[in-house]
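Listed below are the residues making up each chain.
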Amino acid sequence: MSRDGDARGLEAEAAAAAEAARELREAAAALVATRAAEEDALRRRAVALDADVRRLQGSLPALDPSTVDKVEEELERARVAITDSDVASFLPSKRNGKFLKTFLGPVNVRVARKEDKLKIKDEYNNYRDRTAYKFLLFPSILLLLRWWIWDGCLPAWAVQIYQAWLLFLYTSFALRENVLIANGSDIRPWWIYHHYLAMLMALISLTWEIKGQPDCSSKQRGVQLFLRWAIMQGVAMHLQNRYQRQRLRTRIALGKAKRMDVVAGETAGVEGQLLLLYPVLFILQGFEAYVGVLLLQTALHGLASEWQVVVCGILLVVMAVGNFVNTVETLVLKLRFKAKMKRAKSRQDRPHEN
């Protein structure tokens, strides 16, 4: 009898569990349906408001110059409020670019939660900081060992390890930046293209024949120049990372930039840092072009017969010119921003003067 009673008790408990599971499934389905309806309504509102803001921004040229700055500022605050909050998850998502599709396939890399997006951005910034130290350290060690241990000749394996690291580095940068763009970050297209070109240069330089003795110094001249340029690049990355982080925090506090933005080009910035940063950037760009031209001259004079020397020289010149143009555009945007701020301040002071 006890066994029959136990069996009936288990059957009753199993039936109750099955009924509870059915009720829970129906409640979950009802909740999902309700949430889907609410999300659809929010999505329609978000898309409509985003379209209105874009339409109003397109009408700014028709406004009177005395009022356009105030209207533009209000619309910019509205745009940031939409794109830099959970509302952004209800806007149509950007498709993955060809680069992400090539490496990841048709995978959706967009993150729904704002906190997770910010973690991706913070990790990217931390990666940039760590990379700046390595960019400065690795070539310095190679040049030091060349003089101290290797009797003026760099071994091929050491240079190839360094170039393999550069290929990994620039590929990682490009992947991370494409993921950030898919999640709403504002990154200038040139920096993405710059990393594509740098990836190509690192890949080609992996096949660069590193010749030793005799006359090692002249045969490895291009490699030595490249390492010296990399040291300057590390110094510039340190300065640029600190400056960009500080100016972006200022714009976010003013409501003129999104927390997911990486670089904001038209901000006023800190004058002391600008006076140091921009001369370093222009010197670096000039040296980058100089190294590229020297590589081309080395090939033309017959000191290096490898086609890799010619291609790397051309890529360095192209990247130097692109960096220079982008830096000048940033300076122009800064001057325009400062002029607009002065106009707004003068209009605010006129009523007090009267």
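For the protein chain, the name recorded in an unreviewed UniProt entry is TMPIT-like protein, with Urochloa decumbens as its organism. On record in UniProt, under Subcellular location (unreviewed entry), the comment for the protein chain is "Membrane". The protein chain has a UniProt comment under Sequence similarities (unreviewed entry) that states "Belongs to the TMEM120 family."

Time to look at the overall build of the protein chain. Within the protein chain, the secondary structure is distributed over 10 helices and 0 strands. Ordered by position in the sequence, the α and β elements of the protein chain form the string α-α-α-α-α-α-α-α-α-α. Of all 354 residues assigned to the protein chain, the portion counted as buried reaches 38%. As displayed, the protein chain offers around 20,600 Å² of accessible surface, 62% of which is attributable to carbon and sulfur atoms.

Time to look at the UniProt feature "transmembrane region" (unreviewed entry) in the protein chain. With numbering matched to this structure, UniProt assigns "transmembrane region" (unreviewed entry) to residues 131–149, 191–210, 275–295 and 307–333. The span residues 131–149 is 95% helix and 0% strand, and its two end C-alpha atoms sit 26 Å from each other. Here residues 191–210 is 75% helix and 0% strand, with 30 Å between the C-alpha atoms at its ends.

The next thing to look at is helix H6 (residues 189–205). For H6, which comprises 17 residues, the first-to-last C-alpha distance of 24 Å matches the rise-based estimate of 24 Å (1.5 Å per residue) to within 8%. When H6 is considered as a whole, its buried residues turn out to be Trp 190, Ile 192, His 194, His 195, Ala 198, Met 199, Met 201, Ala 202, Ile 204 and Ser 205.

In this section: the environment of Arg 242. Along the chain, the position of Arg 242 falls in helix H8 (residues 221–253). As for Arg 242 and Asp 129, which are separated by 113 residues in sequence, their C-alpha atoms are 8.8 Å apart.

To continue, consider the pattern of salt bridges. Evaluated as defined, the whole model comprises 8 salt bridges. Between Glu 19 and Arg 22 there is a salt bridge, with its nearest N and O atoms 2.2 Å apart. Of this pair, Glu 19 and Arg 22 both sit in helix H1 (residues 2–58), 3 residues apart, which is roughly one turn of the helix. Glu 19 gets classed as partly exposed once you look at its relative accessible area, which sits at 33%. Judged by relative accessible area, which is 31%, Arg 22 ranks as partly exposed. As a salt-bridge pair, Asp 40 and Arg 44 come within 2.2 Å of each other at their nearest N and O atoms. Placement of the pair is Asp 40 and Arg 44 together in helix H1, with a separation of 4 residues, close to one helical turn. Of the residues examined, Asp 40 reaches a relative accessible area of 32% and is grouped as partly exposed.

Looking at where Asn 323 falls in the secondary structure, it is placed in helix H10 (residues 307–353). Asn 323 sits in the buried class, given a relative accessible area of 8%. Ignoring sequence-local partners within four residues, the contact set of Asn 323 consists of Trp 190, Trp 191, His 194, Gln 285 and Glu 288.

This part covers the packing of aromatic side chains. Evaluated as defined, the whole model comprises 13 aromatic pairs. Look at Trp 150 and Trp 157: their rings are 6.0 Å apart centre to centre, the planes differ by 80 degrees, and that puts the pair in the edge-to-face class. With relative accessibility at 53%, the residue Trp 157 sits in the exposed group. An aromatic cluster is defined as three or more aromatic residues linked by ring pairs; in this entry it consists of Phe 135, Phe 138, Tyr 162, Trp 165 and Tyr 170.

Turning our eyes to something else, we now look at the packing of helix H4 (residues 114–148) against helix H5 (residues 156–182). Following both chains from N to C, one finds H4 and H5 inclined at 165 degrees, their axes separated by 11 Å at the closest point. Classed by the angle they form, the pair H4 and H5 counts as roughly antiparallel. As H4 runs across H5, the sense of the crossing is left-handed. Across the contact of H4 with H5, the residue classes tally to 17 nonpolar, 2 polar and 6 charged.

As for its position among the elements, Asp 50 is in helix H1. Overall, the relative accessible area of 15% leaves Asp 50 in the buried class. Those residues in contact with Asp 50 that lie beyond four places of it in its chain are Ile 82 and Leu 91.

How each quantity is defined
Residues numbered from 1 in each chain as written. Predicted model: local features only at pLDDT ≥ 70, side-chain atom pairs only at ≥ 80, totals over all residues. Heavy atoms only, no water. UniProt positions renumbered as here; feature names shortened; annotations may be inferred. Helix = DSSP H or I, 4+ residues; strand = E, 2+ residues; numbered from the N terminus. Buried < 20%, exposed > 50% of the residue type's maximum accessible area, 1.4 Å probe, protein only. Areas by Shrake-Rupley, 256 points an atom, 1.4 Å probe, with all protein chains shown as cover. Expected span 1.5 Å × (residues − 1). Salt bridge = Lys/Arg side-chain N within 4 Å of Asp/Glu carboxyl O. Contact = heavy atoms within 4.5 Å. Phe/Tyr/Trp six-rings, centres within 6.5 Å; stacked < 30°, edge-to-face > 60°. Axes fitted to C-alpha atoms, helices over the stretch in contact; angles between N-to-C directions. Parallel < 35°, antiparallel > 145°, perpendicular 65-115°, else oblique. Left-handed = near helix turned anticlockwise from the far one by under 90°. Nonpolar A, V, L, I, M, F, W, Y, C, P; charged D, E, K, R; others polar.

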